[in-house]
Amino acid sequence: MKKTSVLKLIKLKGYAIKFAASERTVDAIVLLKKNIFLDCVYSGNDNITQTSWFKKSGSSEEKLCLHDTHYGTHIPEKYKKRVILTDKYSSSQDKSIILVDTSEEDIGTYICYISTFPGGTLKKIISVQKDGFNKLRPSSHHTFMEHQNVTLHFQCTLKGIVKQVTLVRVGDDKVDAIAFCGVSLKANYAFDYKERVFVDCFNMSSIVLFIPRITKTDGGLYLCTFYTDIGNHSIVVNLQNQKSSLFAPFVYGGCTLVALVVAGIIITFVCITRKSKSTKSKVELSNLPMTSRREQAPIEDEHLYANFTTKTRGR
């Protein structure tokens, strides 16, 4: 089947991103910022011999940097002060770069090539765009705990024939392609998900995404788009770490508990204070002479029993 590189527009409730509607064309979409992080991490077991980054300009490619395990690193003069290699601060399999001091001239397509032995060369394609992503409303919400196996189901409700399916993960400033399903009924995985997930495309109207040993970084919005002969249908699932979803009740519960404790302390203090004053009054009264006690007793009784009326005995 002939591969096409046309990027079609996916629209859903005011949300729009550019992504492949056929065979894989880009692995990720990143928004333009002052400093752009372009990630490229090799997850295989072969030895990395060389890594290179290029920016695609029309039919040609402009070199950003080249790193060879034997000959070292080469960065063209144009990018010497603008390209930072992150493998100095991370694992040897992390070949990501940071492009600093960016402008609109940096909008475009970037390609990361990782040459391995004996596996060969792998390629990751990243598109840098200026326009932001509109808010996406999830169709359903699911929580997970780290290191569990998670399975997500996406069911197309349109009655037409499903011809293609794209599955992506949407973040605040980045969209990661996961897989593409075509007429072969086999998933074509994006660079970062080749050995991380499994996508079942056998039934094109019901796609299954299996994520083994999920981590907190896997949380986010998962968008599955079905392309049929009568239109397109999109489903969004919000996958959230259970710890973050349970944190709020603990916060409110903790505040309530603190309030109850403080109220209890105040009530106890008031009771003790009143009891102390009453005991002190009785002690002072017992130390008075008998005449003084007789004189003050009616006053104390009147004070304690405000609604009691005293009667004078007749002689």
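Please read all numbers here as calculations on a predicted model, not as lab measurements.

Trainee: Just checking my understanding: could you explain the pairing of strand 13 (residues 150-155) for this structure?
Mentor: Looking down a regular strand, the side chains alternate between one sheet face and the other. Alternating residues of strand 13 divide into Val 150, Leu 152 and Phe 154, all buried, and Thr 151, His 153 and Gln 155, none buried. Bridge count for strand 13 against strand 18 (residues 206-211) is six bridges, and the pairing is antiparallel. Of the residues in strand 18, the one forming a bridge with His 153 is Val 208.

Trainee: Please explain the side chain of Ser 52 as it appears in this structure.
Mentor: Relative to the helices and strands, Ser 52 is located in strand 5 (residues 47-57). The class of Ser 52 is buried, set by a relative accessible area of 8%. Beyond its immediate stretch of four places on either side in the chain, Ser 52 contacts Cys 65, Leu 66, Ile 111, Cys 112 and Tyr 113.

Trainee: Could you clarify how one ought to interpret the confidence of the model for the protein in this entry?
Mentor: Regions with low pLDDT carry predicted coordinates that are not meant to be interpreted in detail. Considering every residue of the protein, the mean pLDDT works out to 77; 69% of them sit at 70 or more. Predicted confidence for residues 1-23 stays below pLDDT 50, and this span has 63 contacts to residues more than four positions away or in other chains. Low pLDDT, under 50, characterises residues 281-286; the stretch is placed with three contacts to residues that sit more than four places away or in other chains.

Trainee: Would you mind going over the sheet that holds strand 17 (residues 198-200) with me for this structure?
Mentor: Strand pairing in a sheet relies on backbone hydrogen bonds. The paired strands run either parallel or antiparallel. Read from one edge of the open sheet, three strands run 13-18-17, paired in antiparallel fashion. Unpaired on one side and paired on the other, strand 13 and strand 17 mark the two borders of the sheet. Each strand of the sheet is rotated relative to its neighbour by a mean of 15 degrees, with strand direction disregarded.

Rules used in this analysis
- The numbering scheme is per chain: residues are counted from 1 as the chain's sequence reads.
- It should be noted that, the model being predicted, local features are given only for residues of pLDDT at least 70 and side-chain atom pairs only at 80 or more, the latter also being counted only at that level, while totals for whole chains, interfaces and linings use all residues.
- In computing side-chain properties, one takes all heavy atoms of the structure into account and sets aside hydrogens as well as water.
- Relative accessibility thresholds used throughout: buried, under 20% of the residue-type maximum; exposed, over 50%; partly exposed, between the two (1.4 Å probe, protein chains only).
- Put simply, DSSP H or I for four residues or longer makes a helix, DSSP E for two residues or longer makes a strand, and each gets a number counted from the N terminus.
- The criterion for strand pairing is that DSSP finds at least two bridges linking the strands in question.
- Should any heavy atoms of two residues lie within 4.5 Å, those residues are considered in contact.
- Confidence of the prediction at every residue is given by pLDDT, a number between 0 and 100.
- As a rule, the C-alpha atoms of each element are fitted with a line to give its axis, helices using only the stretch in contact, and angles between N-to-C directions run from 0 to 180 degrees.

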